[in-house]
Amino acid sequence: MPKILTYVAACGLVLLSTVAPGLAEGDVALGQKAFQRCSACHTTTDQGKAGPGLGGVVGRPAGSVEAFRYSAAMKSSGLVWDEATLDRFLAAPQNVVAKTTMTVSVTKPEDRQNIIAYLKSLSQ
């Protein structure tokens, strides 16, 4: 019986290792579509609306766009918007920056990865 469990676990790890990299990459076209819900508050340029413009956001320090008025919490967060930080923030903004003014979250991991892929494509 233990050999069967070891085999099943090994197969699961192989399967997971082949699926996870694709998910982590995200799909730019699906991300552009998913970003539509973000566009009520954000643009894909450096121009802000209710939220800051997100053009070039990947790699940028949080709270650093000169023309946008950020919360004190965001300005002092010390975050840099890399993929992992964006993923955590999109999933639960208030858990990452407690007093952020962003209240909308993206609950589906695949939507977050796609949006992040789309945002990365804007910087290239």
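Use the structure listed above.
Residues numbered from 1 in each chain as written. Predicted model: local features only at pLDDT ≥ 70, side-chain atom pairs only at ≥ 80, totals over all residues. Heavy atoms only, no water.

## Here's the deal with the overall build of the chain
Part 1: A count of helical and extended segments in the chain gives six helices and zero strands.
Part 2: When the helices and strands of the chain are listed from N to C terminus, the series reads α-α-α-α-α-α.
Part 3: Excluding contacts between residues fewer than 6 apart, the proportion of contacts in the chain whose partners are at least 24 apart in sequence is 40%.
Part 4: Surface accessibility of the chain: about 7,900 Å² in total, with carbon and sulfur atoms responsible for 60%. (Helix = DSSP H or I, 4+ residues; strand = E, 2+ residues; numbered from the N terminus. Contact = heavy atoms within 4.5 Å. Areas by Shrake-Rupley, 256 points an atom, 1.4 Å probe, with all protein chains shown as cover.)

## Thoughts on the pattern of salt bridges
Part 1: The final tally for this structure, using the stated rule, is three salt bridges.
Part 2: Its salt-bridge partner being Asp111, residue Arg37 comes within 2.8 Å of it at the nearest N-O pair. Here Arg37 is found in the loop between α2 (28-34) and α3 (72-75), whereas its partner Asp111 is found in helix α6 (residues 109-122), with 74 residues between them in sequence.
Part 3: Judged by its relative accessible area of 17%, Asp111 falls in the buried class. (Salt bridge = Lys/Arg side-chain N within 4 Å of Asp/Glu carboxyl O. Buried < 20%, exposed > 50% of the residue type's maximum accessible area, 1.4 Å probe, protein only.)

## Thoughts on the packing of helix α4 (residues 83-91) against α6
Part 1: The contact between α4 and α6 brings their axes to 10 Å, and the two run at 130°. Taken together, the axis directions place α4 and α6 in an arrangement best described as oblique. Remark: the crossing between α4 and α6 carries right-handed chirality. The residues of α6 that touch α4, namely those facing Glu83, Leu86, Asp87, Leu90 and Ala91, are Arg112, Gln113, Ile115, Ile116 and Lys120.
Part 2: In the contact of α4 with α6, the residues fall into five nonpolar, one polar and four charged. (Axes fitted to C-alpha atoms, helices over the stretch in contact; angles between N-to-C directions. Parallel < 35°, antiparallel > 145°, perpendicular 65-115°, else oblique. Left-handed = near helix turned anticlockwise from the far one by under 90°. Nonpolar A, V, L, I, M, F, W, Y, C, P; charged D, E, K, R; others polar.)

Read these as spatial facts, not as claims about activity.
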